[in-house]
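# Overview (structure and organization)
Each chain, letter by letter, is given below.
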Amino acid sequence: MTNGGDRPATAGDAGSPLAQRLNYLFANMHPPGAPYTNGHVAEEISRGEEYGGVTLTEQYLSMLRNGKRANPSPDVLRALAKFFAVPVGYLMGDLSASQAERVEEEVRFLVAMRDQRVRAIALRSVGLPPEVQDSLTTIISQFRQQMNLPSDPPDAGGVERQ
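Nonpolar side chains tend toward joint burial in soluble globular proteins. With 27 residues, the main nonpolar core has Ile45, Leu80, Phe84 and Leu91 as its most contacted residues. Among the secondary structure elements, those contributing two or more residues to this core are α1 (17-28), α2 (38-47), α3 (58-66), α4 (74-84), α5 (88-92) and α6 (97-113). Here the element with the most residues in this core is α4; it accounts for 7 residues. Sequence-distant contacts of Leu80, that is, excluding residues within four places in its chain, are made with Leu22, Val41, Ile45, Leu56, Leu61, Leu64 and Leu91.

Listed below in structure tokens is the structure:
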């Protein structure tokens, strides 16, 4: 499968939802260290049978990310969604605003869990009674307040406690 079926973007497309979502995934969904490059993602998708035989070039991916192309084939969107482990509807724009926000919330959670210390704190709280977990949350909030940080980390307001 090739990159065909795309249309040139119009002047206002640089901030298109697809470009914004792709750039969000590139900035956040990567192994510890540095974000993926267009070349790496294009190469992985093009050579991996699990991506449905899609051929993707670095240049085409760059055009999608900067809004110069805005209507890739569903196969390209499926391959990109699979690579970044998000629902294809997130890239297709088929999700409601709240569903798209939930995907981004999950991405933020995965990013936070990359930090060894954050992961250690979370894992150490597993199995503790809910009231103890609530106390730990209160203590962390107090530390954040003492350090003049917001009571919740950025964009974590919608995270549900279990």
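Moving on, we get to the pattern of salt bridges. Inspection of every chain in the model, using the stated rule, returns 4 salt bridges. A salt bridge links Arg78 to Asp75; the shortest N-O distance between them is 2.4 Å. Of this pair, Arg78 and Asp75 both sit in helix α4, 3 residues apart, roughly one helical turn. Arg78 gets classed as partly exposed once you look at its relative accessible area, which sits at 43%. For Asp75, a relative accessible area of 23% translates into the label partly exposed. Glu106 is the salt-bridge partner of Arg102, the closest N and O atoms lying 3.5 Å from each other.

Because each turn of an α-helix spans 3.6 residues, side chains separated by three or four positions end up pointing in the same direction. Along its 12 residues, α1 runs 16 Å from first to last C-alpha, staying within 8% of the 16 Å computed at 1.5 Å per residue. Those residues of α1 not exposed but buried are Leu18, Ala19, Arg21, Leu22, Leu25, Phe26 and Asn28.

With 20 residues separating them along the chain, Asp75 and Thr55 place their C-alpha atoms 9.7 Å apart. Here the side chain of Asp75 touches Arg78 through a polar contact of 2.4 Å, side chain to side chain.

All right, on to the packing of α1 against α3 then. Interaxial distance between α1 and α3 falls to 6 Å at its minimum, and their mutual angle equals 115°. Between α1 and α3, the angle falls in the class roughly perpendicular. Here Leu18, Ala19, Leu22, Asn23 and Phe26 of α1 come into contact with α3, specifically with Leu61, Leu64 and Arg65. Class assignment for the residues of the contact of α1 with α3 results in 6 nonpolar, 1 polar and 1 charged.

To continue, consider the packing of α1 against α6. Contact geometry for α1 and α6: axes closest at 10 Å, N-to-C directions at 15°. With respect to α6, the axis of α1 lies roughly parallel. The interaxial crossing formed by α1 with α6 has left-handed handedness. Residues Arg21, Tyr24, Leu25 and Asn28 of α1 touch α6, and the partners they reach there are Ala100, Glu104, Val107, Arg108 and Val111. Its residues placed into classes, the contact of α1 with α6 shows 5 nonpolar, 1 polar and 3 charged.

Each value, and the rule that gives it
Residues numbered from 1 in each chain as written. Predicted model: local features only at pLDDT ≥ 70, side-chain atom pairs only at ≥ 80, totals over all residues. Heavy atoms only, no water. Core = buried A, V, L, I, M, F, W, Y, C linked by side-chain atoms within 4.5 Å. Buried < 20%, exposed > 50% of the residue type's maximum accessible area, 1.4 Å probe, protein only. Helix = DSSP H or I, 4+ residues; strand = E, 2+ residues; numbered from the N terminus. Contact = heavy atoms within 4.5 Å. Salt bridge = Lys/Arg side-chain N within 4 Å of Asp/Glu carboxyl O. Expected span 1.5 Å × (residues − 1). Polar contact = N/O pair within 3.5 Å; in protein donor to acceptor, adjacent residues only side chain to side chain. Axes fitted to C-alpha atoms, helices over the stretch in contact; angles between N-to-C directions. Parallel < 35°, antiparallel > 145°, perpendicular 65-115°, else oblique. Nonpolar A, V, L, I, M, F, W, Y, C, P; charged D, E, K, R; others polar. Left-handed = near helix turned anticlockwise from the far one by under 90°.

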